[in-house]
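# Working through the structure, step by step
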Amino acid sequence: MKMKESTIRKYARLMAEFGLTGLEITEDTTVIRLERAAAATSAPAVIQNVPQASPAADSIPTGQISDTASIRSPMVGVFYAAPAEDKETFVHTGDTVKKGDVLCIIESMKLMNEITAEQDGVIAEICVKNGQVVDYGAELFRIRRD
(Lines give C-alpha, C1' and ligand atoms only; values in the text may rest on other atoms or scores of the structure.)
Protein backbone atom coordinates (compact mmCIF):
# COMPACT_ATOMS: atom_id res chain seq x y z
CA MET A 1 0.00 0.00 0.00
CA LYS A 2 1.33 3.44 -0.89
CA MET A 3 0.81 6.34 1.52
CA LYS A 4 -0.90 9.41 0.05
CA GLU A 5 1.08 12.62 -0.33
CA SER A 6 -1.58 14.52 1.64
CA THR A 7 -1.10 12.12 4.56
CA ILE A 8 2.68 12.59 4.47
CA ARG A 9 2.22 16.38 4.40
CA LYS A 10 -0.11 16.12 7.42
CA TYR A 11 2.61 14.30 9.37
CA ALA A 12 5.22 16.84 8.24
CA ARG A 13 3.02 19.68 9.56
CA LEU A 14 2.62 17.80 12.84
CA MET A 15 6.42 17.50 13.10
CA ALA A 16 6.82 21.25 12.52
CA GLU A 17 4.07 22.09 15.00
CA PHE A 18 5.71 20.10 17.81
CA GLY A 19 9.31 20.82 16.79
CA LEU A 20 10.09 17.15 16.15
CA THR A 21 13.17 16.07 14.20
CA GLY A 22 11.96 12.56 13.42
CA LEU A 23 8.74 10.61 13.09
CA GLU A 24 8.07 6.99 12.13
CA ILE A 25 4.60 5.90 11.03
CA THR A 26 3.40 2.34 10.40
CA GLU A 27 0.16 1.75 8.48
CA ASP A 28 -0.62 -1.86 7.63
CA THR A 29 2.64 -3.09 6.09
CA THR A 30 3.92 0.37 5.10
CA VAL A 31 6.52 2.08 7.28
CA ILE A 32 7.56 5.65 6.61
CA ARG A 33 10.20 7.62 8.51
CA LEU A 34 10.30 11.41 8.25
CA GLU A 35 13.36 13.33 9.42
CA ARG A 36 14.29 16.98 9.32
CA ALA A 37 16.98 19.23 10.69
CA ALA A 38 16.09 21.15 13.82
CA ALA A 39 14.55 24.53 13.01
CA ALA A 40 16.80 27.55 13.43
CA THR A 41 14.16 29.21 15.63
CA SER A 42 14.16 26.35 18.14
CA ALA A 43 16.77 26.09 20.87
CA PRO A 44 20.03 24.61 19.61
CA ALA A 45 20.83 21.07 20.67
CA VAL A 46 24.45 22.08 21.29
CA ILE A 47 25.52 25.18 23.14
CA GLN A 48 29.27 25.67 22.91
CA ASN A 49 31.61 27.18 25.49
CA VAL A 50 29.12 26.99 28.33
CA PRO A 51 30.84 28.01 31.57
CA GLN A 52 30.81 25.11 33.98
CA ALA A 53 30.24 26.15 37.59
CA SER A 54 31.35 22.86 39.16
CA PRO A 55 32.15 20.04 36.74
CA ALA A 56 32.79 16.61 38.16
CA ALA A 57 36.48 16.35 39.01
CA ASP A 58 37.09 13.22 36.94
CA SER A 59 34.91 14.12 33.95
CA ILE A 60 36.68 17.13 32.42
CA PRO A 61 40.38 17.92 32.89
CA THR A 62 40.81 21.38 34.45
CA GLY A 63 42.59 22.93 31.47
CA GLN A 64 39.94 21.80 29.00
CA ILE A 65 36.73 23.30 30.41
CA SER A 66 36.61 25.90 27.61
CA ASP A 67 37.06 23.10 25.06
CA THR A 68 33.78 21.43 26.01
CA ALA A 69 30.28 21.78 24.64
CA SER A 70 27.03 20.90 26.36
CA ILE A 71 24.44 18.92 24.48
CA ARG A 72 21.05 19.89 25.84
CA SER A 73 17.63 18.36 25.42
CA PRO A 74 15.57 20.11 22.73
CA MET A 75 12.35 18.87 24.37
CA VAL A 76 10.76 17.46 27.51
CA GLY A 77 10.75 13.68 27.52
CA VAL A 78 12.34 10.45 28.72
CA PHE A 79 16.07 9.93 28.08
CA TYR A 80 17.07 6.55 26.65
CA ALA A 81 20.76 5.69 26.34
CA ALA A 82 20.14 2.70 24.03
CA PRO A 83 17.81 1.90 21.13
CA ALA A 84 16.15 -0.87 23.18
CA GLU A 85 16.39 -2.38 26.67
CA ASP A 86 18.44 -5.34 25.49
CA LYS A 87 20.75 -3.29 23.22
CA GLU A 88 24.12 -1.65 23.85
CA THR A 89 24.07 2.05 24.76
CA PHE A 90 24.73 4.52 21.95
CA VAL A 91 27.78 6.07 23.67
CA HIS A 92 29.94 5.71 26.78
CA THR A 93 32.14 8.23 28.57
CA GLY A 94 35.41 8.43 26.63
CA ASP A 95 33.90 7.44 23.27
CA THR A 96 34.90 9.45 20.21
CA VAL A 97 31.87 10.70 18.25
CA LYS A 98 31.47 12.35 14.86
CA LYS A 99 28.99 15.02 13.87
CA GLY A 100 25.66 13.27 13.17
CA ASP A 101 26.28 10.23 15.41
CA VAL A 102 23.23 9.26 17.49
CA LEU A 103 23.91 9.89 21.18
CA CYS A 104 20.55 9.01 22.73
CA ILE A 105 16.80 8.99 22.21
CA ILE A 106 14.32 11.32 23.88
CA GLU A 107 10.80 9.90 23.96
CA SER A 108 8.25 12.67 23.83
CA MET A 109 4.52 12.17 23.28
CA LYS A 110 5.14 8.50 22.38
CA LEU A 111 7.56 9.55 19.62
CA MET A 112 11.23 8.54 19.66
CA ASN A 113 13.52 11.46 18.78
CA GLU A 114 17.17 10.75 18.06
CA ILE A 115 19.59 13.30 19.51
CA THR A 116 22.75 13.55 17.44
CA ALA A 117 26.20 15.06 17.92
CA GLU A 118 26.52 18.52 16.40
CA GLN A 119 30.33 18.32 16.32
CA ASP A 120 33.20 15.84 16.47
CA GLY A 121 34.64 15.15 19.91
CA VAL A 122 34.93 12.84 22.89
CA ILE A 123 32.12 12.18 25.38
CA ALA A 124 33.47 13.79 28.56
CA GLU A 125 30.36 13.16 30.67
CA ILE A 126 26.89 11.65 30.43
CA CYS A 127 24.83 13.93 32.66
CA VAL A 128 21.58 11.93 32.97
CA LYS A 129 20.60 8.34 33.67
CA ASN A 130 18.73 5.96 31.40
CA GLY A 131 14.96 6.33 31.86
CA GLN A 132 15.26 9.75 33.51
CA VAL A 133 12.70 12.42 32.61
CA VAL A 134 14.48 15.49 31.22
CA ASP A 135 13.25 19.04 30.81
CA TYR A 136 13.72 21.30 27.83
CA GLY A 137 17.31 22.57 27.95
CA ALA A 138 18.53 19.91 30.42
CA GLU A 139 22.19 19.05 29.93
CA LEU A 140 22.47 15.53 28.49
CA PHE A 141 26.16 15.27 27.58
CA ARG A 142 29.41 17.17 27.70
CA ILE A 143 31.61 16.73 24.66
CA ARG A 144 35.29 17.64 24.63
CA ARG A 145 36.52 18.90 21.29
CA ASP A 146 39.61 17.18 19.94
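Cut-offs used in this document
Residues numbered from 1 in each chain as written. Predicted model: local features only at pLDDT ≥ 70, side-chain atom pairs only at ≥ 80, totals over all residues. Heavy atoms only, no water. Helix = DSSP H or I, 4+ residues; strand = E, 2+ residues; numbered from the N terminus. Buried < 20%, exposed > 50% of the residue type's maximum accessible area, 1.4 Å probe, protein only. 1 Å grid on protein atoms, 1.4 Å probe; cavity = no way out; pocket = protein on both sides within 12 Å on 5 of 7 lines; lining within 4 Å. Points joined across faces, edges and corners; volume = space filled by probe spheres on them. Nonpolar A, V, L, I, M, F, W, Y, C, P; charged D, E, K, R; others polar.

You will see that M109, though not glycine, has its phi angle at about 55°, which is positive. With respect to the secondary-structure elements, M109 resides in the loop between β7 (102-108) and β8 (111-116). Residue M109 is classed as exposed on the basis of its relative accessible area, which comes to 59%. Phi is positive for K110, which is not a glycine, with a value near 65°. The class for K110 is exposed, based on a relative accessible area of 75%.

Here the second largest pocket defines a volume of roughly 170 Å³. Across the lining of the second largest pocket, the residue classes tally to seven nonpolar, two polar and one charged.

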